[in-house]
Amino acid sequence: GENVEQHPSTLSVQEGDSAVIKCTYSDSASNYFPWYKQELGKGPQLIIDIRSNVGEKKDQRIAVTLNKTAKHFSLHITETQPEDSAVYFCAARSSGGSYIPTFGRGTSLIVHP
Amino acid sequence: SQTIHQWPATLVQPVGSPLSLECTVEGTSNPNLYWYRQAAGRGLQLLFYSVGIGQISSEVPQNLSASRPQDRQFILSSKKLLLSDSGFYLCAWDGGGRAGYGYTFGSGTRLTVV
């Protein structure tokens, strides 16, 4: 089955800095890669996603890049703000077999004012 | 627009008591429905998923069960709670058995078994 590794587990940055969270996956049939943000006490929220036919996608201060050859994808947050502090999850979903996504273990992002 | 409702938000239950958590989705039909649990820490553990009425797949053997009595209703139950059942329970849905859609999660239920 699919295996998704997410790093780092904790990331601490100063307000205004950039933050990068990286994930690797094992199943070459995976073709959909969402990212979720979970604020304290709330359910995760989909913030951006990318499909395997695209190498990069941006939405204001966040971007996701995908390297299919290396089987890794990354979340980039620029000009971080205190409200970006949350736990971020990556996931990978395959086009074959089970369509259940496999989640990474999460990254706790702390943005210091 | 589609919305997902999950209740209650917080629950404190004694060991050995029953459990019923409910999740409903509005604004869509024939969704895939999921129950996840998040223990202390961050990981998301898939408990059950359903692709249609009466169809339940279990991912983790335990004293929990799930049912889908209606197309947009998903219920998580237990006959006798254990201390280890404490956690944050999340319901989620997506648009069907296609690989190109993300989840929409509910707001979660914080269950504490005492």
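Numbering of residues begins from 1 in every chain and follows the order in which that chain's sequence is written. Key to labels: chains lettered from A, ligands numbered from 1, both in the order written. Only residues with pLDDT of at least 70 get local features here, since the model is predicted, and only at 80 or more are side-chain atom pairs given and counted; chain-wide, interface and lining totals rely on the full set of residues. Heavy atoms throughout the structure, all of them, feed into the side-chain values; hydrogens and water do not.

Draft legend 1. Inspection of the sheet that holds strand 7 (residues 64-70) of chain B at higher detail. Residues and elements named next belong to chain B. Read across the sheet, 4 strands follow the order 1-3-8-7 without closing on themselves; strand pairing throughout is antiparallel. Sheet topology places strand 1 (3-7) and strand 7 at the edges, where each strand pairs with a single neighbour. Put simply, the sheet's adjacent strands are angled 15° from each other on average, direction ignored. Here, any two strands with at least 2 DSSP bridges between them count as paired. A run of H or I in DSSP becomes a helix once it reaches four residues, and a run of E becomes a strand once it reaches two; helices and strands are each numbered from the N terminus. Sheet topology places strand 1 next to strand 3 (residues 19-26); 5 bridges connect them, and they run antiparallel. Looking at the pairing, His5 lines up with Thr24 of strand 3. To get an axis, fit a line to the C-alpha atoms, keeping to the stretch in contact for a helix; angles then go from 0 to 180 degrees between the N-to-C directions.

Draft legend 2. Structural context of the pairing of strand 6 (residues 55-58) of chain B. Residue and element names in this part refer to chain B. Pairing of strand 5 (residues 45-52) with strand 6 involves 3 bridges; the strand directions are antiparallel. By the bridge assignment, Tyr49 is partnered in strand 6 with Ser57. Taking the residues that link successive antiparallel strands as the turn, the strand 5-strand 6 hairpin has 2 residues, and the phi of Gly54 there is positive, at about 75°.

Draft legend 3. Here's a closer look at the interface of chain A and chain B. Any two residues whose heavy atoms approach within 4.5 Å are treated as being in contact. Listed per partner, the contact involves 25 residues of chain A and 24 residues of chain B. What counts as buried area is the accessible surface, traced by a 1.4 Å probe, that two parts surrender upon association, with contributions from both included. Surface buried jointly by chain A and chain B totals about 1700 Å² across both partners, of which 57% is contributed by carbon and sulfur atoms. Summed over the three residues of chain A that lose the most area to chain B, namely Arg93, Tyr99 and Ile100 of chain A, the buried surface amounts to 30% of that side. In the sections that follow, a salt bridge refers to a side-chain nitrogen of Lys or Arg positioned within 4 Å of a carboxyl oxygen of Asp or Glu. Taken together, chain A and chain B are joined by 1 salt bridge. One salt bridge connects Asp94 of chain B with Arg93 of chain A, and the closest N-O pair in it is separated by 2.5 Å. In the analysis that follows, any N or O atom pair within 3.5 Å is treated as a polar contact, provided that within protein one partner can donate a hydrogen and the other can accept it, and provided that, for residues neighboring in sequence, both atoms belong to side chains. Here chain A is connected to chain B by 5 residue pairs in polar contact (both at pLDDT 80 or more). Listing elements by their share of the side of chain A that touches chain B, those giving two or more residues are strand 4 (30-38), strand 5 (45-51), strand 9 (86-94) and strand 11 (107-112) of chain A. Each residue belonging to the side of chain A that touches chain B can be placed in one class, and the counts come to 10 nonpolar, 11 polar and 4 charged. Each residue is assigned to one class: nonpolar for Ala, Val, Leu, Ile, Met, Phe, Trp, Tyr, Cys and Pro, charged for Asp, Glu, Lys and Arg, and polar for all the others, Gly among them.

Draft legend 4. Summary view of the sheet that holds strand 6 (residues 56-59) of chain A. Residue and element names in this part refer to chain A. Taken in spatial order, the 5 strands make up an open sheet running 1-3-8-7-6, and their pairing is antiparallel. Of all strands in the sheet, those bounded by a partner on one side alone are strand 1 (4-7) and strand 6. Ignoring which end each strand starts from, the neighbouring axes of this sheet average 15° apart. The pairing of strand 7 (residues 62-67) with strand 8 (residues 72-77) spans 6 bridges and is antiparallel. Paired with Asn67 across the bridge in strand 8 is His72.

Draft legend 5. Representation of the packing of aromatic side chains in the model. The rule is short: rings of Phe, Tyr and Trp, with Trp giving its six-membered ring, pair when the centres are within 6.5 Å, and they are stacked under 30 degrees, edge-to-face over 60, tilted in between. Summed over the entire model, instances satisfying the criterion amount to 16 aromatic pairs over all chains. Measuring from centroid to centroid gives 5.6 Å for Trp35 of chain A and Phe73 of chain A, while their planes differ by 70°, and the two rings are edge-to-face. With Trp35 of chain A in strand 4 and Phe73 of chain A in strand 8, this pair connects stretches of sequence that are 38 residues apart. Per-residue accessibility, obtained with a 1.4 Å probe over protein chains only, is compared with the maximum for each type, and a residue is labelled buried under 20%, exposed over 50%, and partly exposed between these values. Assessed through its relative accessible area of 0%, Trp35 of chain A is described here as buried. Phe73 of chain A sits in the buried class, given a relative accessible area of 0%. Clustering of aromatic rings is evident, with ring pairs tying together Tyr36 and Phe103 of chain A together with Tyr34, Tyr36, Tyr49, Tyr103 and Phe105 of chain B.

Draft legend 6. Structural context of the environment of Val111 of chain A. All names here are of chain A. Within the fold, Val111 resides in strand 11. Look at Val111 and you get buried, because its relative accessible area is 5%. Each C-alpha atom, one on Val111 and one on Gln81, is 6.4 Å from the other, the two residues being 30 residues apart in sequence. Not counting residues up to four positions away in its chain, the partners in contact with Val111 are Val13, Gln14, Glu15, Thr80, Gln81, Pro82, Asp84 and Ser85.

Keep in mind that these numbers describe shape and distance, not what the molecule does.
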